[in-house]
Amino acid sequence: MRIYISRWFQRFARKEGIADAVLLEGVARAEKGQIDADLGGGVIKQRIARPGQGRSKGYRTIILFRRGAKAFFVYGFAKSHRANISDDEKEQFKEAAKHVLALTEKQLAELLTRGDFVEVKSE
């Protein structure tokens, strides 16, 4: 399983102090079928813990997800700042998933080189 974060999500995670290990744990749960919300079209919503707290008071993340292959963290928000994403946003994420999950290795390498995505490495 390869895990990536978008440029936007990288800034969000850094600002909120979200460690790569927390992201890896969120994807590991999804791989086991423990998905908080399947939004359809390769888009899932997964809760991740706030540093020093649990998942319930933590963050909601939007992941473009294909089991056993790739996961792309593209959006996140604190539950205390926002209740949920809108229906329009959900449709936009589904459209993005069609394209992102279909990327070839060459196309993905180009996006990584440009800095649009960063691969999260397990330690």
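The rules behind each value
- Residues numbered from 1 in each chain as written.
- Predicted model: local features only at pLDDT ≥ 70, side-chain atom pairs only at ≥ 80, totals over all residues.
- Heavy atoms only, no water.
- Phe/Tyr/Trp six-rings, centres within 6.5 Å; stacked < 30°, edge-to-face > 60°.
- Helix = DSSP H or I, 4+ residues; strand = E, 2+ residues; numbered from the N terminus.
- Buried < 20%, exposed > 50% of the residue type's maximum accessible area, 1.4 Å probe, protein only.
- Lys NZ or Arg CZ within 6 Å of the ring centre and 35° of its normal.
- Polar contact = N/O pair within 3.5 Å; in protein donor to acceptor, adjacent residues only side chain to side chain.
- Contact = heavy atoms within 4.5 Å.
- Salt bridge = Lys/Arg side-chain N within 4 Å of Asp/Glu carboxyl O.

Enquirer: Quick question: what am I supposed to make of the packing of aromatic side chains here?
Expert: Both the distance between ring centres and the angle between the ring planes are used here to describe each pair of aromatic rings. The final tally for this structure, using the stated rule, is nine aromatic pairs. Ring geometry for Phe9 against Phe12: centres 5.5 Å apart, planes inclined by 55°, an arrangement best described as tilted. Here Phe9 and its partner Phe12 are both found in helix H1 (residues 7-16), three residues apart, which amounts to about one turn of the helix. For the residue pair Phe9 and Phe12, the accessibility class agrees, reading buried in each case. Of the aromatic side chains, those joined through ring pairs into one cluster are Trp8, Phe9, Phe12, Tyr59, Phe73, Tyr75, Phe77 and Phe93. A cation sits over an aromatic face here: Arg50 above Tyr59, 4.6 Å from the ring centre.

Enquirer: Would you mind showing me how to read the side chain of Ser6 here?
Expert: As for its position among the elements, Ser6 is in strand S1 (residues 2-6). Within the structure, the side chain of Ser6 is placed 3.1 Å from the backbone nitrogen of Phe9, a separation counted as a polar contact. Not counting residues within four places of it along the chain, the set of residues in contact with Ser6 comprises Phe73, Val74, Asp116 and Phe117.

Enquirer: Mind showing me how you'd approach the environment of Ala97 here?
Expert: Position of Ala97 among the secondary structure elements: in helix H3 (residues 87-100). Residue Ala97 is classed as buried on the basis of its relative accessible area, which comes to 2%. Leave out the neighbours within four places in its chain, and Ala97 touches Gly41, Gly42, Val43, Leu64 and Ala102.

Enquirer: Sorry if this is basic, but what is going on with the pattern of salt bridges here?
Expert: Oppositely charged side chains can form a pair if their charged atoms are brought close together. Considering all chains together, one arrives at 13 salt bridges under this definition. The shortest N-O distance in the salt bridge between Asp116 and Arg7 comes to 2.7 Å. Remark: Arg7 occurs in helix H1 and Asp116 occurs in the loop between helix H4 (105-114) and strand S6 (117-120); sequence separation between them is 109 residues. Since its relative accessible area comes to 37%, Arg7 is described here as partly exposed. With a shortest N-O distance of 3.7 Å, Lys15 and Glu16 are connected by a salt bridge. Assessed through its relative accessible area of 68%, Lys15 is described here as exposed. With relative accessibility at 21%, the residue Glu16 sits in the partly exposed group. Shared partners join several salt bridges into a network, and the residues in it are Arg2, Lys70, Glu105, Glu119 and Lys121.

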